[in-house]
Amino acid sequence: MGKIKEAVLEGEIFACDHFNVAEPDFIIKAQLEFGEGTIEFEAAISEWYQIQHDLHQMYTGGTVH
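So, a few notes on the structure that sits alongside this text.

Criteria and cut-off values
Residues numbered from 1 in each chain as written. Predicted model: local features only at pLDDT ≥ 70, side-chain atom pairs only at ≥ 80, totals over all residues. Heavy atoms only, no water. Axes fitted to C-alpha atoms, helices over the stretch in contact; angles between N-to-C directions. Helix = DSSP H or I, 4+ residues; strand = E, 2+ residues; numbered from the N terminus. Parallel < 35°, antiparallel > 145°, perpendicular 65-115°, else oblique. Left-handed = near helix turned anticlockwise from the far one by under 90°. Contact = heavy atoms within 4.5 Å. Nonpolar A, V, L, I, M, F, W, Y, C, P; charged D, E, K, R; others polar.

## Quick notes on the packing of helix H1 (residues 3–17) against helix H3 (residues 39–60)
Packed helices, taken two at a time, are described by the angle between their axes plus the distance between the axes. Between H1 and H3, the least distance of the axes is 7 Å, while the angle of their chain directions is 45°. Judged on the interaxial angle alone, H3 and H1 are oblique. Like other packed secondary-structure pairs, H1 and H3 cross with a definite hand, here right-handed. Contacts between H1 and H3 pair Ile4, Ala7, Val8, Glu10, Gly11, Glu12, Phe14, Ala15 and Cys16 from the former with Ile39, Glu40, Ala43, Ala44, Glu47, Trp48 and Ile51 from the latter. Split by residue class, the contact of H1 with H3 holds eleven nonpolar, one polar and four charged.

None of this, on its own, says anything about what the molecule does.
Written as C-alpha cells, this is what we have:
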C-alpha cells in the first residue's frame, strides 16, 4: 500500500473509532493525533463528516426536523 493511501486509511479508521465524539472535540483529538493539515487529519475530518451524514440519513430518512 502506498504511503498516501496508508495515511488516508489511518485517518478514516480514527474517524470510525471516534464517530460519537462531538465535532469540536473530534477536531481537537484529530489535531493532537495527527497535526493540523496532514493527510491523516484531513481524511479523519472528511470521514467523520461522512459518518455523521450517513447516521443522519439512517435515523431520519434524510428529512430535516
